[in-house]
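# Structural overview for review
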Amino acid sequence: MQPAEETQRPALIPIRGVPMIKYFAENWGEVEGFQAQPDDLLISTYPKSGTTWISEIVDMIYNDGDTEKCKREAIYMRVPFLEFAVPGIPTGVELLQKRPSRRLVKTHLPVQLLPESFWEQDCKMIYMARNAKDVAVSYYYFYQMAKVHPDPGSWDHFLDDFTAGRVSFGSWHQHVRGWWEKRREHRMLYLFYEDMKEDPRREIRKVLEFLGRPPSEGLVEAIAQHTSFTKMKQNFMANYKTIPTSVMDHSISPFMRKGVTGDWKNQFTVAQNERFDADYERQMEGTDLSFRMEI
Ligand code: A3P
């Protein structure tokens, strides 16, 4: 199905104070009332933190490392995006309602907005976090290519918005902190993009253990190879190239852009970096959560 023409760059709308893509906000009632099932696995991230990467890894685990099975459908069908809504396209909730059990569910919601049923059903959750500077850069290019977002303006302007949480899904700082605290009382594996870059096999073993699967070396190797950046960039079932250009324009910036840690150094000026660091210290004060900005 083709999305309706009017999907171009509407302003964000707050949901309980969190700025949200307009169409997502308009469909909020459906999301809030979503009925999770006990065997749903939730994959939660702040945008641009490696959601697609960890989703492909988990789908490989669910399919015992069978790469052909993992190419049966696009990633956004295999792991539906809970709060997704764009006119003319089935919503995330509609897709999820049609999936067989043992569903994989993607969300970018901050912890306080997650539908209650996920807690009530005690669903397992994997959270993947990425350092704020690389997320800000990745998000800036994504805002440009994914036209459901408002126009990001200049990099300097966008960085100010990002720092202040005036972007879709709100504050990065509050997102990573909120989920970090929640992991103390819930069945949650909290992963870092930087760790995954550094040693994917080690992190894949962690995921296998969390899901109660034996970490056979053959399986770990198959997953590591299939989910490398190079492979995923070429994989049409993972690289979002099947989305209509009116929604995502890869000629502006590809979804699979660079896939590295530390790219922020090519984007931040010295002044921007100093300003960001000072604010970061303030916003991250008092947490034992820490990030590596390079590896
Ligand atoms: P960059 O824009 O820095 O390249 P999400 O899936 O949460 O939207 O995150 C997208 C980011 O993850 C992009 O970052 C993308 O290139 C990167 N990414 C996707 N698959 C990856 C992989 N297999 N290995 C490393 N990075 C990956």
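Before reading further, recall that the structure is shown in the block above.
Residues numbered from 1 in each chain as written. Predicted model: local features only at pLDDT ≥ 70, side-chain atom pairs only at ≥ 80, totals over all residues. Heavy atoms only, no water.

## Quick word on the sheet that holds strand β5 (residues 124-129)
- Taken in spatial order, the four strands of this open sheet run β4-β3-β5-β6, and their pairing is parallel. A single partner strand is all that each edge strand has here, and the edge strands are β4 (104-107) and β6 (188-192). Strand-to-strand twist across the sheet, computed as the mean angle between neighbouring axes with direction ignored, equals 20°.
- In this sheet, β6 lies alongside β5 in parallel orientation, the contact comprising five bridges. Pairing of Tyr127 across the sheet is with Tyr190, part of β6.
- The strands that helix α9 (residues 172-182) touches are β3 (41-45), β5 and β6; relative to β6, the one it contacts most, it runs at about 140°.
- The strands that helix α11 (residues 200-210) touches are β3, β5 and β6; relative to β6, the one it contacts most, it runs at about 170°. (Pairing = 2+ DSSP bridges. Helix = DSSP H or I, 4+ residues; strand = E, 2+ residues; numbered from the N terminus. Axes fitted to C-alpha atoms, helices over the stretch in contact; angles between N-to-C directions. Contact = heavy atoms within 4.5 Å.)

## Digging into the pairing of β3
- Of all the five residues making up β3, five are buried; the element is thus mostly covered by neighbouring parts of the structure.
- By the alternation rule, side chains of β3 split into Leu41, Ile43 and Thr45 and Leu42 and Ser44, which are all buried.
- Examined bridge by bridge, β3 and β4 share four bridges and lie parallel to one another. The residue bridging Leu41 from the neighbouring strand is Leu104, located in β4.
- Where β3 meets β5, five bridges bridge the pair, whose relative direction is parallel. Of the residues in β5, the one forming a bridge with Thr45 is Met128. (Buried < 20%, exposed > 50% of the residue type's maximum accessible area, 1.4 Å probe, protein only.)

## Observations concerning the packing of helix α3 (residues 51-62) against helix α12 (residues 217-226)
- Contact geometry of α3 with α12 gives a least axis separation of 10 Å together with a crossing angle of 145°. Relative to α12, the crossing made by α3 is right-handed. Within the contact between the two elements, α3 uses Glu56, Ile57, Met60 and Ile61 and α12 uses Ala222, Ile223 and His226.
- Along the lines of polarity and charge, the residues of the contact of α3 with α12 split into five nonpolar, one polar and one charged. (Left-handed = near helix turned anticlockwise from the far one by under 90°. Nonpolar A, V, L, I, M, F, W, Y, C, P; charged D, E, K, R; others polar.)

## Here we look at the packing of α9 against helix α14 (residues 270-283)
- Between α9 and α14, whose axes approach to 10 Å, the crossing angle comes to 35°. Every pair of crossing elements has a handedness; the one defined by α9 and α14 is right-handed. Seen from α9, the contacting residues are Trp172, His173 and Arg177; seen from α14, they are Asp279, Tyr280 and Gln283.
- Taken together, the residues of the contact of α9 with α14 sort by class into two nonpolar, two polar and two charged.

## Here we look at the site of the ligand
- Around the ligand, the structure places 18 residues, and the nearest of them are Thr51, Thr52, Ser138, Tyr193 and Lys258.
- For the ligand, an oxygen atom lies 2.8 Å from a polar atom in the side chain of Arg257.
- Burial of the ligand by the surrounding chains reaches 97%, relative to a free accessible area of 570 Å².
- Contributions of two or more residues to the shell around the ligand are made by α3 and α13 (229-234).
- In terms of residue count, the dominant contributor to the shell around the ligand is α3 (three residues).
- In terms of residue class, the shell around the ligand is made up of six nonpolar, eight polar and four charged. (Near = heavy atom within 4 Å. Polar contact = N/O pair within 3.5 Å; in protein donor to acceptor, adjacent residues only side chain to side chain. Areas by Shrake-Rupley, 256 points an atom, 1.4 Å probe, with all protein chains shown as cover.)

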